[in-house]
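# Structural overview for review
Each chain, letter by letter, is given below.
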Amino acid sequence: MSLLPVSHTQFQLKSYWDQFFSKRSTPFEWYGQYTDLCHILHKYVKITSKTLVVGCGNSKLSEDMYDAGITDITNIDISEVVVKKMGARNFEKRAKMSFTQMDMLTMTFDDCVFECVLDKGTLDAIYSNTDDETVAKVRCMWEEIRRVLKTGGRYVCITLAQQHILNSLLETFSSGWLVRTHKVTLDDGKRDEKREVAGTLPVIVFILTKMASLPAKPAMKVLEVVREDGRCERCEDTEGVRRFVNAAQQHSMLLHHLKSVHPEETGIRVQYWSEKVPDVPRYTFIVVDVPKSKAKNGLFAIFIVPQGREGEWIFSSDSGLKGLAEQSCYHRLVVVTMHLGHQYGDLHQVKHEVTGSALAMLQSGVPSNIKLPILSTGEGVGEGCVCVRVCPQ
Ligand SMILES: C[S@@+](CC[C@H](N)C(=O)[O-])C[C@H]1O[C@@H](n2cnc3c(N)ncnc32)[C@H](O)[C@@H]1O
């Protein structure tokens, strides 16, 4: 049974959602579930936060948050079908949480009442195109969210941040709000249904904190991004946030491309950088596929090129790399090269560092707990040196 609309503008219609939730009784989670998001949510939503969930749908997120202690939750949705179902599902077990049919474009709450407004996929449903009418609805939605939030309150917006959404969001919230941006890593093992809606784009969480408006002063800009290792970095302008989101999107699309095997392609190169030496990539991964008929040894392996040999024909040219992959007899060989200026320790340390990133490059159907064969030339990590230095004229 297809629940997808004929046109994306239907995502804005009450009639579409009423029909969707009449057919669909099991929870349909857009953009991840509680376990994917809780490490971010609990940083920003306090146990005592008076929280409004806009467009709650039949997601389990509010229920899981309630069970984790955040009990002051008001859920609204335009579909009366879903609020009735959700109310019935929760009224005994989670008595403090309410479900109300309400259009978030015309909310009936007083000003400045909520400490948190949570939106998972609802902005994306409304902002399905860039027509004037749609843009006006989005403006209205954001104005309503601003109105009902207390100063210091947070709008937590979970979105795919497609280009038009990212642009408007940064334009609207870059002054008068603190903007912090996270990327969510969804558990690949159980993402089939999420994939249905999330496609190849990663899920982005914007934490938008409402600041006091001081008419005499120009609004301050505070823009931050949170890196995968948890480091929070300040961006000078919205361009920094855009770069962070776009890089996450490109990386995610590339990994999605690598889910299928491409023996016809030349090696796909992916560079990994480290903060310690910001000017030179730490590793280059080159993904080389060969037809399954030639993969006598298995489906997937890593080949670590000793430092100083990365420029040799076999490790640098497309035909050399194809030959190496065919000789190795793996369906996919990920060839890893190192770069001058970095310290690597021994081969064991390199294996440890590269394994996680290489596992993200598994093709579909390869079990994620595969024991990774790691191949090399037997020379260890090797040592790089500069042979010729060319001075710019
Ligand atoms: C993409 S779904 C997301 C559902 C839920 N948040 C989740 O994560 O699974 C969008 C939800 O927004 C609701 N919705 C759409 N327009 C709305 C509006 N104007 N006011 C309130 N809810 C709306 C829909 O009924 C639907 O439940």
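Residues numbered from 1 in each chain as written. Predicted model: local features only at pLDDT ≥ 70, side-chain atom pairs only at ≥ 80, totals over all residues. Heavy atoms only, no water.

Under an unreviewed UniProt entry, the name given to the protein chain is EEF1A lysine and N-terminal methyltransferase, and the organism recorded is Geodia barretti.

The next thing to look at is the sheet that holds strand β10 (residues 268-272). Judged by pairing direction, the sheet is mixed, and its 5 strands sit side by side in the order β10-β11-β13-β12-β14 without closing on themselves. Two strands lie at the open edges of the sheet, namely β10 and β14 (374-375), each paired on one side alone. Of the pairings in the sheet, the one linking strand β12 (residues 298-304) to β14 comprises 2 bridges and is parallel in character. Residue pairing in the sheet places Phe303 in a bridge with Leu375 of β14. Docked against the sheet, helix α11 (residues 318-328) engages β10, β11 (283-289), β12, β13 (330-338) and β14, running at close to 125° with respect to β13. The strands touched by helix α12 (residues 347-359) within the sheet are β10, β11, β12, β13 and β14, with β12 carrying the most contacts at an inclination of about 135°. (Pairing = 2+ DSSP bridges. Helix = DSSP H or I, 4+ residues; strand = E, 2+ residues; numbered from the N terminus. Contact = heavy atoms within 4.5 Å. Axes fitted to C-alpha atoms, helices over the stretch in contact; angles between N-to-C directions.)

Further remarks concern the pattern of salt bridges. Counted under the stated rule, the structure contains 23 salt bridges. Lys14 is paired through a salt bridge with Glu80; the nearest N and O atoms lie 2.7 Å apart. Here Glu80 lies in helix α4 (residues 80-90) and Lys14 lies in helix α1 (residues 14-23), a separation of 66 residues in the sequence. Two residues, Glu143 and Arg146, come together in a salt bridge whose shortest N-O distance is 2.9 Å. Of this pair, Glu143 and Arg146 both sit in helix α6 (residues 132-148), 3 residues apart, which is roughly one turn of that helix. Among the residues examined, Arg146 registers a relative accessible area of 33% and is labelled partly exposed. (Salt bridge = Lys/Arg side-chain N within 4 Å of Asp/Glu carboxyl O. Buried < 20%, exposed > 50% of the residue type's maximum accessible area, 1.4 Å probe, protein only.)

Before going further, it helps to examine the sheet that holds strand β3 (residues 98-101). Reading across from one edge, β3-β2-β1-β4-β5-β7-β6-β8-β9 is the order of the 9 strands in this open sheet, with mixed pairing throughout. Since the sheet does not close on itself, it has two edges, and those belong to β3 and β9 (232-235), each with one partner. For this sheet the average axis-to-axis angle between neighbouring strands, irrespective of direction, equals 20°. Here strand β2 (residues 73-77) pairs with β3 via 4 bridges, running parallel. Residue pairing in the sheet places Asp77 in a bridge with Gln101 of β3. The sheet strands contacting α4 are β2 and β3, and the helix crosses β3 at an angle near 165°.

Take the UniProt feature "domain: Methyltransferase type" (unreviewed entry) in the protein chain next. Look at the UniProt record and you will see "domain: Methyltransferase type" (unreviewed entry) annotated at residues 52-157. Along residues 52-157, the helical share is 38% and the strand share 26%, with 12 Å between the first and last C-alpha atoms. (UniProt positions renumbered as here; feature names shortened; annotations may be inferred.)

Inspection of the region around the ligand gives 17 residues, with Trp30, Gly55, Asp77, Asp103 and Lys120 positioned closest. At 3.1 Å from a nitrogen atom of the ligand is found a main-chain nitrogen or oxygen belonging to Ile78. Here Asp103 contributes a side-chain N or O atom positioned 2.9 Å from a nitrogen atom of the ligand. Burial of the ligand by the protein chains amounts to 98% of its free accessible area of 590 Å². Elements represented by at least two residues in the shell around the ligand include exactly α1 and α5 (122-126). (Near = heavy atom within 4 Å. Polar contact = N/O pair within 3.5 Å; in protein donor to acceptor, adjacent residues only side chain to side chain. Areas by Shrake-Rupley, 256 points an atom, 1.4 Å probe, with all protein chains shown as cover.)

One frequent convention defines the size of an interface as the accessible area lost when the parts assemble. Each domain of the protein chain was delimited in the assignment, giving domain 1 (8-256) and domain 2 (268-375). Here the C-alpha centre of domain 2 lies 38 Å away from the C-alpha centre of domain 1. Taken residue by residue, the interface counts 5 residues in domain 1 and 6 residues in domain 2. Buried area between domain 1 and domain 2, both sides added, is near 400 Å², and the carbon and sulfur share of it is 66%. (Domains from an automatic or database assignment. Buried area = accessible area lost by both parts, 1.4 Å probe.)

Turning next to the pairing of strand β7 (residues 203-210). Summarising burial for β7: 8 of the 8 residues are buried, a large majority. Along β7, one buried face is formed by Val203, Val205, Ile207 and Thr209 and the opposite face, lined by Ile204, Phe206, Leu208 and Lys210, is buried too. In this sheet, β7 lies alongside strand β5 (residues 149-159) in antiparallel orientation, the contact comprising 6 bridges. Bridge pairing links Arg154 to Thr209 in β7. In terms of strand pairing, strand β6 (residues 177-184) meets β7 through 8 bridges, oriented antiparallel. Note on β7: the bridge partner recorded for Leu178 is Thr209.

This next bit is on α6. The end-to-end C-alpha distance of α6, which contains 17 residues, comes to 25 Å, matching closely the 24 Å that a straight helix rising 1.5 Å per residue would cover. Restricting attention to buried positions, one finds in α6 the residues Thr134, Val138, Met141, Trp142, Glu144, Ile145, Arg147 and Val148. Looking at the buried side of α6, the elements it contacts are β1 (51-54), β4 (114-120), α5, β5, α7 (163-173) and β7. (Expected span 1.5 Å × (residues − 1).)

In this section: the packing of α1 against α4. It is the contact of α1 with α4, at a shortest axis distance of 7 Å, that shows an interaxial angle of 40°. Relative to α4, the element α1 is oriented oblique. Counted together, Lys14, Asp18, Phe21 and Ser22 of α1 and Glu80, Val81, Val82 and Lys85 of α4 form the full contact between these two elements. Tallied by class, residues from the contact of α1 with α4 come to 3 nonpolar, 1 polar and 4 charged. (Parallel < 35°, antiparallel > 145°, perpendicular 65-115°, else oblique. Nonpolar A, V, L, I, M, F, W, Y, C, P; charged D, E, K, R; others polar.)

Glancing now at the environment of Leu37. Its place among the elements puts Leu37 in helix α2 (residues 34-44). When the C-alpha positions of Leu37 and Gly55 are compared, they lie 17 Å apart, and in sequence the two are 18 residues distant. In this structure, Leu37 is in contact with Tyr31, Gly32, Leu61, Lys120, Ile158, Val184 and Val205, ignoring residues within four places of it in sequence.

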